[in-house]
Amino acid sequence: MLRLYDFLPSGNGYKCRLMLHKLGVPYERVGLDIDRAETRTPEFLAKNPNGRIPALELEDGTVLPESNAIIWYLAEGSRYLPDDRLGRAQALQWMFFEQYSHEPNVATVRYWITHNIEMTPERTLALPAKRKLGYDALRVMEGQLEGRDFFVGSRLSVADIALYAYTHVAHEGGFDLSDFRNVRAWLGRVAADAPHIPITQG
């Protein structure tokens, strides 16, 4: 059986849980509390030297870290990967965008707020820039979703799952989605695509 090392509030972990749930794949979830440094133990570092979750342990013991790599691996052969070469490249395009432009800003600010992280002078100085970059990423998404239901092609894909994870909880980081009509409609479509689980479900 697959084993997912995870932290329940993590959007990156949620991507993997959501994909596993959609595919109906049984797995064992191992919760690790990042606030208590449980991903920094020698035992876990032997599995993922980067000391981060999520990480997916395959049946043969191979450990695959990085959330977007995990959901791409899981989606192989399913309806969640586009059928054509260009579509798959475009899905990767949006998954790279999520990790480079979206997650470092939207997710980081959410983490600082929801985990009561000390706002050091460095974080206080970085906050306005991260908010601006987070809104910039949301505006790119808003434009892509003009006149279309999903990010790639005509159906939900790994690109949507990657972007949904932290966008649907962006308000927890103080991001106001009121002006993002297309993004809000898309969030509703993703949530309505059965089967679906909330981020709070392990």
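This text follows the structure it describes.
The text that follows walks through the structure, step by step, so that each part is easy to find. (Residues numbered from 1 in each chain as written. Predicted model: local features only at pLDDT ≥ 70, side-chain atom pairs only at ≥ 80, totals over all residues. Heavy atoms only, no water.)

Looking at where Asn68 falls in the secondary structure, it is placed in helix α3 (residues 67–75). Residue class for Asn68 comes out buried when judged on its relative accessible area of 11%. At 3.0 Å, the side chain of Asn68 and the side chain of Lys15 are in polar contact. At 3.1 Å, the side chain of Asn68 and the backbone oxygen of Met95 are in polar contact. With residues near it in sequence (within four places) discarded, Asn68 still touches Lys15, Met95, Glu98, Gln99 and Ala162. (Helix = DSSP H or I, 4+ residues; strand = E, 2+ residues; numbered from the N terminus. Buried < 20%, exposed > 50% of the residue type's maximum accessible area, 1.4 Å probe, protein only. Polar contact = N/O pair within 3.5 Å; in protein donor to acceptor, adjacent residues only side chain to side chain. Contact = heavy atoms within 4.5 Å.)

One number sums up the size of the largest pocket: a volume of about 670 Å³. What lines the largest pocket is a set of 26 residues, among which Asn12, Ile34, Arg52, Ile53 and Glu103 lie closest to the centre. At seven residues, helix α4 (residues 85–114) tops the list of elements feeding residues into the lining of the largest pocket. By residue class, the composition of the lining of the largest pocket is eleven nonpolar, ten polar and five charged. (1 Å grid on protein atoms, 1.4 Å probe; cavity = no way out; pocket = protein on both sides within 12 Å on 5 of 7 lines; lining within 4 Å. Points joined across faces, edges and corners; volume = space filled by probe spheres on them. Nonpolar A, V, L, I, M, F, W, Y, C, P; charged D, E, K, R; others polar.)

With that settled, consider the environment of Asp136. Position of Asp136 relative to the elements: it lies in helix α5 (residues 121–144). The spatial distance from the C-alpha of Asp136 to the C-alpha of His102 is 8.7 Å, given a sequence separation of 34 residues. For Asp136, the side chain forms a polar contact with the side chain of Arg139, separated by 2.8 Å.

A few words on unusual backbone geometry. For the bond running from Ile53 to Pro54, omega is 5°, close enough to zero to count as cis. With respect to the helices and strands, Pro54 occurs in the loop between α2 (42–47) and β3 (55–57). Following Ala194, the chain continues to Pro195 via a peptide bond in cis, the omega torsion being -5°. Following the sequence through the fold, Pro195 ends up in the segment after α7 (181–192). With a phi close to 75°, Glu66 is a non-glycine residue in the positive phi region. Along the polypeptide, Glu66 turns up in the loop between β4 (63–65) and α3.

With that settled, consider the side chain of Lys22. When you line up the elements, Lys22 lands in helix α1 (residues 11–23). For Lys22, the side chain forms a polar contact with the main-chain oxygen of Asp193, separated by 2.6 Å. Other than its neighbours up to four places away in sequence, Lys22 contacts Tyr80, Leu156, Ile161, Asp193, Ala194 and Pro195.

When the charged atoms of two side chains lie near each other, side chains of opposite charge can form a pair. Tallied over the entire structure, the rule returns 14 salt bridges. Residue Arg79 pairs with Asp193 through a salt bridge whose shortest N-O separation is 3.1 Å. Taken together, the positions of Arg79 in the loop between α3 and α4 and Asp193 in the segment after α7 put the pair 114 residues apart, joining distant regions of the chain. The partner of Glu146 in a salt bridge is Arg181, with the nearest N and O atoms 3.5 Å apart. (Salt bridge = Lys/Arg side-chain N within 4 Å of Asp/Glu carboxyl O.)

Two quantities define a packed helix pair, namely the angle between the helix axes and the distance between the axes. As a packed pair, α1 and helix α6 (residues 158–167) sit with axes 8 Å apart at the nearest point and diverge in direction by 135°. When the axis of α1 is compared with that of α6, the two are oblique. Our pair here, α1 against α6, has a crossing hand that is right-handed. Two secondary-structure elements touch here, α1 through Gly11, Asn12, Tyr14, Lys15, Leu18, Met19 and Lys22 and α6 through Val158, Ile161, Ala162, Tyr164, Ala165 and Tyr166. Taken together, the residues that form the contact of α1 with α6 break down as nine nonpolar, two polar and two charged. (Axes fitted to C-alpha atoms, helices over the stretch in contact; angles between N-to-C directions. Parallel < 35°, antiparallel > 145°, perpendicular 65-115°, else oblique. Left-handed = near helix turned anticlockwise from the far one by under 90°.)

Okay, the environment of Asp179 next. Take Asp179: it is sitting in the loop between α6 and α7. With 37 residues separating them in the primary sequence, Asp179 and Glu142 have C-alpha atoms 9.4 Å apart.

It is at 8 Å that the axes of α5 and α7 come closest, and there the two elements cross at 75°. By the criterion of interaxial angle, the relationship of α5 to α7 is roughly perpendicular. Two secondary-structure elements touch here, α5 through Leu138, Met141 and Glu142 and α7 through Arg181, Asn182, Val183 and Trp186. Here the residues of the contact of α5 with α7 sort into four nonpolar, one polar and two charged.

Interpretation in functional terms is not warranted from these geometric data alone.
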